[in-house]
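Chain residues, written in single-letter form:
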Amino acid sequence: MSRKPIIAGNWKMNMLSSDAKSLFEGIKSHWSETSATVMPQVIIAPTFTSLWAVSSVKCSCGCGCDKIAIAGQNCHWESSGAYTGEISVEMLADAGCSYVIIGHSERRQYFSETDEMINKKAKSILSKGLIPIICCGETLEQRESGITDSWISGQIRAALDGISSEDIAKSVIAYEPIWAIGTGKTCDADEANRVIAMIRSVVKEVAGESASNSIRILYGGSVKPETIAEQMSKSDIDGALVGGASLKVDSFNKIIENTMTVMVN
Ligand code: PGA
């Protein structure tokens, strides 16, 4: 596989900084002897208040720091100013982040994030040299009424609007059917692969073939150690955005391990 797979853990609003630090240490120490070249890119997205605790562990490891990158779970598009409760890309970078998750369905649903806001965030992230992980996905009602592909292609076109092909190529998309998030109901791997291939064809239209071949597109929604190997064996699935199963050291490490098994085959 020419695209380096990604296994990203989205810790959402969980754990105080001491627990976050311990979990991060548990992941890091498990892989400390393993060469980064045989591993997927591992990314951890802690809460904002745990970013410094986690990045202090990362920076003292001495080697292979690039094995585990840190992500913010959200950002504002402005650099600074009167935006109470918000955080800028510069602040995330300062706390050790190199990726930022944007457009998660929970942010769209509970915090009224629009496609336009997500596009502004993506542009801001890329302009500061970080990488956006742009989430998209349909509700169960949308799926049942047969509009999954048009809905998702609309989300992707809007998120990527006005971004250069070069920047799109290094971005990451996460396809997360909303009905599969936190429900234990994983999307069938063939169907997830079909939607992800459709997203890749939209990227090809918007940014050209080279960008569509380079961009990494992840699946998210109840990913578990038992589901990841089948998901990773599909042609267009480049990794996973993992919620619940990223909160336990054993299950997250097992997801990484099972991904590596598919990578070497
Ligand atoms: P889940 O969450 O793995 O708990 O379904 C995934 C996500 O929301 O990114």
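Our subject is the structure that appears above.
Okay, so let's go over this structure.

Reading the values: the criteria
- Residues numbered from 1 in each chain as written.
- Predicted model: local features only at pLDDT ≥ 70, side-chain atom pairs only at ≥ 80, totals over all residues.
- Heavy atoms only, no water.
- Helix = DSSP H or I, 4+ residues; strand = E, 2+ residues; numbered from the N terminus.
- Buried < 20%, exposed > 50% of the residue type's maximum accessible area, 1.4 Å probe, protein only.
- Contact = heavy atoms within 4.5 Å.
- Polar contact = N/O pair within 3.5 Å; in protein donor to acceptor, adjacent residues only side chain to side chain.
- Near = heavy atom within 4 Å.
- Areas by Shrake-Rupley, 256 points an atom, 1.4 Å probe, with all protein chains shown as cover.
- Pairing = 2+ DSSP bridges.
- Right-handed = clockwise from strand over helix to strand, strands pointing away.
- Core = buried A, V, L, I, M, F, W, Y, C linked by side-chain atoms within 4.5 Å.
- Expected span 1.5 Å × (residues − 1).
- Arc of directions from axis to C-beta.
- Salt bridge = Lys/Arg side-chain N within 4 Å of Asp/Glu carboxyl O.

**Points about the environment of W31**
Now for step 1: By secondary structure assignment, the location of W31 is in the loop between α1 (17–30) and β2 (41–45).
Now for step 2: Taking relative accessible area as the criterion, W31 reaches 6% and is therefore assigned buried.
Now for step 3: Between the C-alpha atom of W31 and that of K67, which follows or precedes it by 36 residues, the distance is 8.3 Å.
Now for step 4: If we skip the residues at most four places from it in the chain, W31 touches M39, K67, N253, I256, E257 and M260.
Now for step 5: Engagement of the side chain of W31 in a polar contact is seen with the side chain of N253, the distance being 2.9 Å.

**Observations concerning the site of the ligand**
Now for step 1: Around the ligand, a shell composed of 13 residues is seen, among which K12, H104, E176, G182 and S222 lie nearest.
Now for step 2: Here an oxygen atom of the ligand sits 2.7 Å away from a polar atom, N or O, in the side chain of K12.
Now for step 3: Contact distances for the ligand include 2.7 Å between an oxygen atom and a side-chain N or O atom of H104.
Now for step 4: With the chains in place, 95% of the 280 Å² that the ligand exposes on its own is no longer accessible.

**Overview of the side chain of K234**
Now for step 1: Note that K234 resides in the loop between α11 (225–232) and β8 (239–242).
Now for step 2: Given a relative accessible area of 18%, K234 falls into the buried group.
Now for step 3: Dropping the residues within four chain positions of it, K234 is found in contact with A189, D190 and N193.

**A look at the side chain of S246**
Now for step 1: Tracing the backbone shows S246 in the loop between β8 and α12 (249–264).
Now for step 2: At 3.2 Å, the side chain of S246 forms a polar contact with the backbone oxygen of V242.
Now for step 3: Excluding anything up to four places from it in sequence, S246 contacts G9, N10, W11, L23 and F252.

**Quick notes on the pairing of strand β1 (residues 6–10)**
Now for step 1: For β1, the buried fraction is high: five of the five residues fall into the buried class.
Now for step 2: Residues I6, A8 and N10 line one face of β1 and the alternating positions I7 and G9 line the opposite face, and both faces are buried.
Now for step 3: Alignment of β1 against β2, held across five bridges, turns out to be parallel. Counterpart to G9 in the pairing with β2 is I44.
Now for step 4: After leaving β1, the chain enters α1 and then returns to the sheet as β2, a path that is right-handed.

**A short note on the nonpolar core**
Now for step 1: One finds I27, I156, I199, Y219 and I256 to be the most contacted residues of the largest nonpolar core, which totals 65 residues.
Now for step 2: Broken down by element, this core gets its largest block of residues, eight residues, from helix α9 (residues 189–207).
Now for step 3: Counting 15 residues, the second-largest nonpolar core is a separate cluster that includes I43, A45, A69 and I133.

**Some details on helix α7 (residues 148–160)**
Now for step 1: With 13 residues, α7 ought to run about 18 Å at 1.5 Å a step, and its terminal C-alpha atoms sit 18 Å apart, in line with that.
Now for step 2: Of all the residues in α7, the buried ones are T148, I152, S153, Q155, I156, A159 and L160. Seen end-on, α7 carries its buried residues on one side only, within an arc spanning 155 degrees.
Now for step 3: Once α7 finishes, G162 follows within two positions and takes phi at roughly 75 degrees, a positive value.

**A word on the pattern of salt bridges**
Now for step 1: All told, the structure shown has 16 salt bridges when counted by the stated rule.
Now for step 2: For E113, the salt bridge identified is with R107, shortest N-O distance 2.7 Å.
Now for step 3: Take E113: its relative accessible area is 7%, and that puts it in the buried class.
Now for step 4: Two residues, D238 and R200, come together in a salt bridge whose shortest N-O distance is 2.8 Å. Residue D238 is located in the loop between α11 and β8, and its partner R200 is located in helix α9; the two are separated by 38 residues in the primary sequence.
Now for step 5: Classification of D238 by relative accessible area gives buried; the value is 0%.
Now for step 6: Each of E138, R143, D149, E191 and R194 takes part in a single network of salt bridges with overlapping partners.

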